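Examination of the molecular architecture
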Amino acid sequence: MRRGVVGALAVALATPAVAMAQAHPPAAPMDATGHHQRTYSFVQTEADYGRLDGGHAQATWEADAWIGGDRRKLWLKSEAELTGGELEAAEVQALYSRKLAAFFDAQVGLRYDVEPRGTVYLVAGVQGLAPYLLETDLAAFLSDHGDLGVRLEQSVDLLLTQRLILEPQLELEAQLRDAPERRLASGFTGVEASLQLRYEITRKFAPSVTAAYARALGATAAGGRDDGEAVGGWAVRAGVRSWF
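This structure is a prediction, so every number in the text was calculated from the model and none was measured.

Scoring rules and cut-offs
- Residues numbered from 1 in each chain as written.
- Predicted model: local features only at pLDDT ≥ 70, side-chain atom pairs only at ≥ 80, totals over all residues.
- Heavy atoms only, no water.
- Helix = DSSP H or I, 4+ residues; strand = E, 2+ residues; numbered from the N terminus.
- Buried < 20%, exposed > 50% of the residue type's maximum accessible area, 1.4 Å probe, protein only.
- Contact = heavy atoms within 4.5 Å.
- Areas by Shrake-Rupley, 256 points an atom, 1.4 Å probe, with all protein chains shown as cover.
- Salt bridge = Lys/Arg side-chain N within 4 Å of Asp/Glu carboxyl O.
- pLDDT = per-residue confidence, 0-100.
- Phe/Tyr/Trp six-rings, centres within 6.5 Å; stacked < 30°, edge-to-face > 60°.
- Lys NZ or Arg CZ within 6 Å of the ring centre and 35° of its normal.

**Thoughts on the overall build of the protein**
- Looking only at helices and strands, the protein has 2 helices and 13 strands in total.
- A burial count over the protein gives 31% of its 244 residues as buried.
- Restricting to contacts in the protein with at least 6 residues of sequence separation, those with at least 24 account for 40%.
- If you sum the accessible surface of the protein, you get close to 14,900 Å²; carbon and sulfur atoms cover 64% of it.

**Focus on the pattern of salt bridges**
- According to the stated counting rule, one finds 14 salt bridges in the structure shown.
- Notably, a salt bridge pairs Asp 157 with Arg 198, separated by 3.0 Å at the nearest N-O pair. Taken as a pair, Asp 157 in the loop between strand 8 (148–155) and strand 9 (158–159) and Arg 198 in strand 11 (residues 187–199) lie far apart in primary sequence, 41 residues in all.
- Here Arg 198 ties to Glu 167 by a salt bridge, and the two come within 2.8 Å at their closest N and O atoms. Of this pair, Arg 198 sits in strand 11 while Glu 167 sits in strand 10 (residues 164–175); the two residues are 31 residues apart in sequence, bridging distant segments of the chain.
- According to the relative accessible area criterion, Glu 167 is buried, its value standing at 7%.
- Taken together, the shared-partner salt bridges connect Glu 46, Asp 157, Glu 167, Arg 198 and Arg 241 into one network.

**Some words on the environment of Gly 232**
- Mapping Gly 232 onto the fold places it in strand 13 (residues 232–243).
- Linking Gly 232 and Ala 221, residues 11 residues apart in sequence, is a C-alpha distance of 8.7 Å.
- Excluding its chain neighbours within four sequence positions, the residues that come into contact with Gly 232 are Tyr 213, Ala 214 and Arg 215.

**Some thoughts on the confidence of the model for the protein**
- With 85% of its residues at a pLDDT of at least 70, the protein reaches an overall mean of 87.
- Below a pLDDT of 50 lies the segment residues 1–26, which in the model reaches 0 contacts outside its immediate sequence neighbourhood of four places, other chains included.

**Description of the packing of aromatic side chains**
- Under the counting rule described, the total for this entry stands at 4 aromatic pairs.
- Plain terms: the ring middles of Phe 42 and Trp 66 are 6.3 Å apart, the flat faces sit at 25° to each other, and that makes the pair stacked. Note that Phe 42 is positioned in strand 1 (residues 40–52) and Trp 66 in strand 2 (residues 57–68), a separation of 24 residues in sequence.
- For Phe 42, a relative accessible area of 23% gives the class partly exposed.
- Ring geometry for Phe 42 versus Trp 243: centroids 5.6 Å apart, planes at 35°, classification tilted. Of this pair, Phe 42 sits in strand 1 while Trp 243 sits in strand 13, and the two are 201 residues apart along the sequence.
- Aromatic rings pair up to connect Phe 42, Trp 66 and Trp 243 into one cluster.
- The ring of Trp 66 has Lys 73 lying over it, and the distance from NZ or CZ to the ring centre is 5.0 Å.
- Taking the ring centre of Phe 141 as reference, the NZ or CZ of Arg 111 above it sits at 4.5 Å.

**Side note on unusual backbone geometry**
- Looking along the chain, the bond that leaves Glu 115 and enters Pro 116 is cis, with omega of 10°.
- Residue placement: Pro 116 occurs in the loop between strand 5 (104–115) and strand 6 (119–130).
- Residues other than glycine seldom take positive phi values, yet Arg 183 does so here, at roughly 60°.
- Its place among the elements puts Arg 183 in the loop between strand 10 and strand 11.
- Judged by relative accessible area, which is 48%, Arg 183 ranks as partly exposed.

Structure (structure tokens):
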């Protein structure tokens, strides 16, 4: 009889503790710096199609994905451009990212260009949120041919309403030395400025319209003109952005 009473009392005392443990599961383990070691992932894709001012059709693709925690992540980045049905440019990057400051990560890794020709690069840069909420990606690329280039990308989301967003974006590229195999001269080589208007049907799905102007710069532009090529032009494209 005494054993039965003791057992019932133990069950009665244990039940609230079990319920509390289920309602409040233990926190994820922490690293030496006090950060939770949880693993997250993110994938964002954007594809669009439109026309250049010369009449040629143009399609572009861009995708970013990462997996990791608060301090360390593995990134995959991909972008491609087709003009007149031909693949003009395509690249893939695989990067290791580590928290550098409150809003910036340092990144190192590899880049491979499928077009305009197969080239491998070492990559080093920073990515994050600059003052005035500017999304910033600054990277240096050292190719297997020994040429060194730099690319800066910045954009900002301007909320017209809770769902309608205007996004200006600027991309600037430069070479620290000539890259004749890519027909690039040292100095600033190209710039692209775009303005995208998108409507978020949901937070994870948004159709968009983009107007973009791209132009070669400096000696790179001069070389293109000497070869009879257009060195700049407008494009208008419609597309879709999604993330999960």
